[in-house]
Structures are given as C-alpha cells and as structure tokens.
Amino acid sequence: NKYPLFNQATMTKDGEGNLWLFWATGDKADPTGNGPAQYVYGLKPLLCRDSTGAPTPCSRNDLDNITSQQQAYCGTSSQKVGWYINLAGQNEQVLAEPVAFGNVLYFTSFVPASGSSSSCTKTGTSYLYAIEIGKTSSACTIGTGAFSGGERRMVIGVGIASAPMISLKPGSA
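Residues numbered from 1 in each chain as written. Predicted model: local features only at pLDDT ≥ 70, side-chain atom pairs only at ≥ 80, totals over all residues. Heavy atoms only, no water.

### A word on the sheet that holds strand β4 (residues 64-65)
Argument step 1. Overall, mixed pairing links the five strands, which are arranged β1-β2-β3-β5-β4 in an open sheet. Each edge of the open sheet carries a strand with a single partner, namely β1 (10-13) and β4.
Argument step 2. In this structure, β1 lies alongside strand β2 (residues 19-24), joined through four bridges in antiparallel fashion. Counterpart to M11 in the pairing with β2 is L21. (Pairing = 2+ DSSP bridges. Helix = DSSP H or I, 4+ residues; strand = E, 2+ residues; numbered from the N terminus.)

### Quick notes on the pattern of salt bridges
Argument step 1. Going through the model one piece at a time under the given rule, you end up with one salt bridge.
Argument step 2. E92 is paired through a salt bridge with R153; the nearest N and O atoms lie 3.2 Å apart. Taken together, the residues E92 in the loop between β5 (82-87) and β6 (99-101) and R153 in strand β9 (residues 153-158) connect sequence positions 61 residues apart.
Argument step 3. Among the residues examined, E92 registers a relative accessible area of 4% and is labelled buried.
Argument step 4. Residue R153 is classed as partly exposed on the basis of its relative accessible area of 33%. (Salt bridge = Lys/Arg side-chain N within 4 Å of Asp/Glu carboxyl O. Buried < 20%, exposed > 50% of the residue type's maximum accessible area, 1.4 Å probe, protein only.)

So this is what it looks like as structure tokens:
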C-alpha cells in the first residue's frame, strides 16, 4: 500500500530485441495525500534470473538508480536489468499510464499543493516527462531528458493531467 499501482504498464522492444516494461506508481484514490515518494520503472523482465539461471521475480536491487538528472542506464555495461527513478520530494506521483514512442517514454506526474486543509480546494501542479529509453548514439543516454537542454520534465499546468497522447499528422514522418 506504500507504492500503489493503478495504471497499466507500457511494453516495447529495444533495438536489440529485448522486451521492456515501463510503469509508475501513484495513488489515484488519494492523489493529494501525504504518501511516500513514488517510482517510475523500466525493466527487461525476461532477464531476471537466479544463480542457477532459472527465471525469478525482479526486485529494485536488480535495477540501476537513475533518479538524478545526470545519471543514465547503460545496458551493455551495467549488470542490472533496467532502471528506476525515485520521484522524491513534495509527494509527486504518476496517476496515468506512461506512453513509449520514438525511443522516448512520456508520462505525466502530479505534485499536490501544500498548505491547503480543505479537500475540495486542494490542487497542485502537473508535469510532463520525456525520458530517453533507446540508444540514440554510441553514448549512454537511456534515462536522460528528451526535452531541449536535456531536461526530463516540464510544467504543463494546474490540476491532474491525463496520460500523454501521441498524434501524428497523416503522411508525416
């Protein structure tokens, strides 16, 4: 109950054919609550194995912590089977499904406003995240921000945002 999971995971394959699952935690039942910091995960689930090589459930210890904006996941040099980001601070949580498109993971988050005591007047700020999930060059960039200047997130407004939606004009690249 500390890290509720209300949303579906997003699944994709990387350029090397590995299956990836992406999901995030957040409490839709109490979005303005005072719960612990929530998480965003990227996991290659079929690579979690025990010492005999048998498939086993993955744990957070099997993942690289890329919480800092300066950290990235290097799948070829890491012994880990994925990564996680801790949305530490101000009760930030993800309340909608993430979307993977074009080697980028998009998701929205919500940070409740502090200082409001009445539940009907509580509000907060929503953010849009864009995180690289595929190798764009020989450099290790998985987990870095895909917005200009390498930023991971941008403010998109007040209130709880819906899931990101990708839309391409017919005939566009």
